[in-house]
Amino acid sequence: MSVEMSKPVPRPGILDIAAYVPGKEHAPGVARVYKLSSNETPLGASPKAVEAFKAAADNLGRYPDGQAIELREAIAAVHGLNPANILCGNGSDELLGLLCHVYLGAGDEGIITEHGFLVYKIQILGAGATPVVVREKNHTVDVDAILAAVTEKTKIVFIANPGNPTGTYVPVSEIRRLQAGLPKHVVLVLDAAYAEYVRRNDYEAGIEVVSSNANVVMTRTFSKAYGLAALRVGWMYAPVDIVDAVNRVRAPFNLNAAAIAAGAAAIRDQAFVQQAVSFNQMWVETLTEALEAIGLKVTPSVANFVLIHFPDIDGKRAPDADKFLMSRGYILRAMRGYGFANALRLSVGPEEANRGVIAALGEFMGRRA
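Residues numbered from 1 in each chain as written. Predicted model: local features only at pLDDT ≥ 70, side-chain atom pairs only at ≥ 80, totals over all residues. Heavy atoms only, no water.

- In the nomenclature of an unreviewed UniProt entry, the chain is known as Histidinol-phosphate aminotransferase of Rhizobium fabae.
- Turning to the chain, the UniProt annotation filed under Cofactor (unreviewed entry) states: "pyridoxal 5'-phosphate". (UniProt positions renumbered as here; feature names shortened; annotations may be inferred.)

Following this line, the structure appears as structure tokens:
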């Protein structure tokens, strides 16, 4: 005889998931606040993308193109791809979740790395599967550790490349070695959210690896270098069989018309993107040198942020620095949830904010930057 429930109850495991918490954006009692906690670009969006967004307001009564053809074709033209291998989503987060929904179930395992993006674990658990966490080496994805963790239950592997919050990257030779070592039925997901920022000869976002294999997916986003975080635009490049499978469970109109139009205009304006990348590269180098000069350790980064490690000294730890910076209007991201209890992640901001953080941390450390 069944017992009547007093209210709807989620299936087992759902309430054990720790919800994703975005970066803080408010500092109570401070007049001027600089939000440097979410890896947003300080240059904003391309003026051409803004213009396209505004033009979309003329057709708010119509449904958007459910296939996002304009955006897919623009992406394909810029990257030299076949639009049939591209699927767009409401941010790359949606696509990560759909991949888990399609390829994972109860009894399956998904491999993630110890400092990987928290959304991977959330989506694996949400699909009813088990996340398997492997160690990184020097804050960098360790291919051998991943391969050692593969079992007959493994169905998907998530790699953030570059990593968030570390800013480190894995050379394409290692990505190829990882793919070659995985069983052919295991999906390898290369999350290249920060790929536009990388300027290393041995890095490749994933297009080449996807093109030559049947079990690799690359995801990308317009939220970082393209400055469209408010619109939630992401895309994936994958074999047609994977695109077809994910398309079957994707919401019919998962991208709104303004997002499609702005995204297409943004990716066509590569000159603007290069301005954003050049600005970022200069400031990552400047911030790293200045912070190390005042006695802080910084993990070398190829992305648009730096991971700052603080001394294990009373009054000088990351929570102390976070409180100090907040009182001055600088909001960084605490990293305890990513396994760095004594570190803060600093997004590259506008020049005024970058210089202000350097000066504030110099004061905090008792040294001039």
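Okay, back to it.
1. Things to note about the pairing of strand β13 (residues 343–347)
Now for step 1: The element β13 is extensively covered by neighbouring structure, given that five of its five residues are classed as buried.
Now for step 2: Both faces of β13 are covered, namely the face carrying Ala343, Arg345 and Ser347 and the face carrying Leu344 and Leu346.
Now for step 3: Pairing analysis gives two bridges linking strand β12 (residues 333–334) to β13, with the strands arranged antiparallel. Bridging from a neighbouring strand, Arg333 pairs with Arg345 of β13. (Buried < 20%, exposed > 50% of the residue type's maximum accessible area, 1.4 Å probe, protein only. Helix = DSSP H or I, 4+ residues; strand = E, 2+ residues; numbered from the N terminus. Pairing = 2+ DSSP bridges.)

2. Side note on helix α9 (residues 257–268)
Now for step 1: Here α9 spans 17 Å end to end across 12 residues, near enough to the 16 Å set by a 1.5 Å rise per residue.
Now for step 2: Within α9, 10 of the 12 residues are buried, which leaves it mostly tucked inside the rest of the structure.
Now for step 3: Among all positions of α9, only Ala258, Ala259, Ile260, Ala261, Ala262, Gly263, Ala264, Ala265, Ala266 and Ile267 are buried.
Now for step 4: Lining the buried residues of α9 we find α1 (47–55), α2 (69–79) and α10 (270–293). (Expected span 1.5 Å × (residues − 1). Contact = heavy atoms within 4.5 Å.)

3. Some points on the UniProt feature "domain: Aminotransferase class I/classII large" (unreviewed entry) in the chain
Now for step 1: Feature annotation in UniProt places "domain: Aminotransferase class I/classII large" (unreviewed entry) on residues 33–360, given in this structure's numbering.
Now for step 2: Along residues 33–360 one finds 39% helix and 17% strand; the C-alpha atoms at either end are 14 Å apart.

4. Here's the deal with unusual backbone geometry
Now for step 1: In this structure, Pro162 follows Asn161 across a cis peptide bond, with omega equal to 5 degrees.
Now for step 2: Its place among the elements puts Pro162 in the loop between β5 (154–160) and α6 (172–181).
Now for step 3: Look at the link from Asn164 to Pro165: it is a cis peptide, with omega at 25 degrees.
Now for step 4: When you line up the elements, Pro165 lands in the loop between β5 and α6.
Now for step 5: One non-glycine residue, Asn138, adopts positive backbone phi at about 55 degrees.
Now for step 6: Among the secondary structure elements, Asn138 is positioned in the loop between β4 (130–134) and α5 (143–149).
Now for step 7: Positioned with a positive phi, Arg232 is a non-glycine residue whose angle comes to about 55 degrees.
Now for step 8: Position of Arg232 among the secondary structure elements: in the loop between β7 (216–221) and β8 (234–237).

5. Thoughts on the packing of α10 against helix α12 (residues 351–365)
Axes are the key here: two packed helices are described by the angle between their axes and the distance separating the axes.
Now for step 1: Between α10 and α12, the shortest axis-to-axis distance is 10 Å and the interhelical angle comes to 10 degrees. One way to sum up the angle between α10 and α12 is to call them roughly parallel. Of α12, the residues touching α10 (which contributes Phe279, Trp283, Leu287, Ala290 and Leu291) are Glu351, Asn354, Arg355, Ile358 and Leu361.
Now for step 2: Residues belonging to the contact of α10 with α12 are distributed by class as follows: seven nonpolar, one polar and two charged. (Axes fitted to C-alpha atoms, helices over the stretch in contact; angles between N-to-C directions. Parallel < 35°, antiparallel > 145°, perpendicular 65-115°, else oblique. Nonpolar A, V, L, I, M, F, W, Y, C, P; charged D, E, K, R; others polar.)

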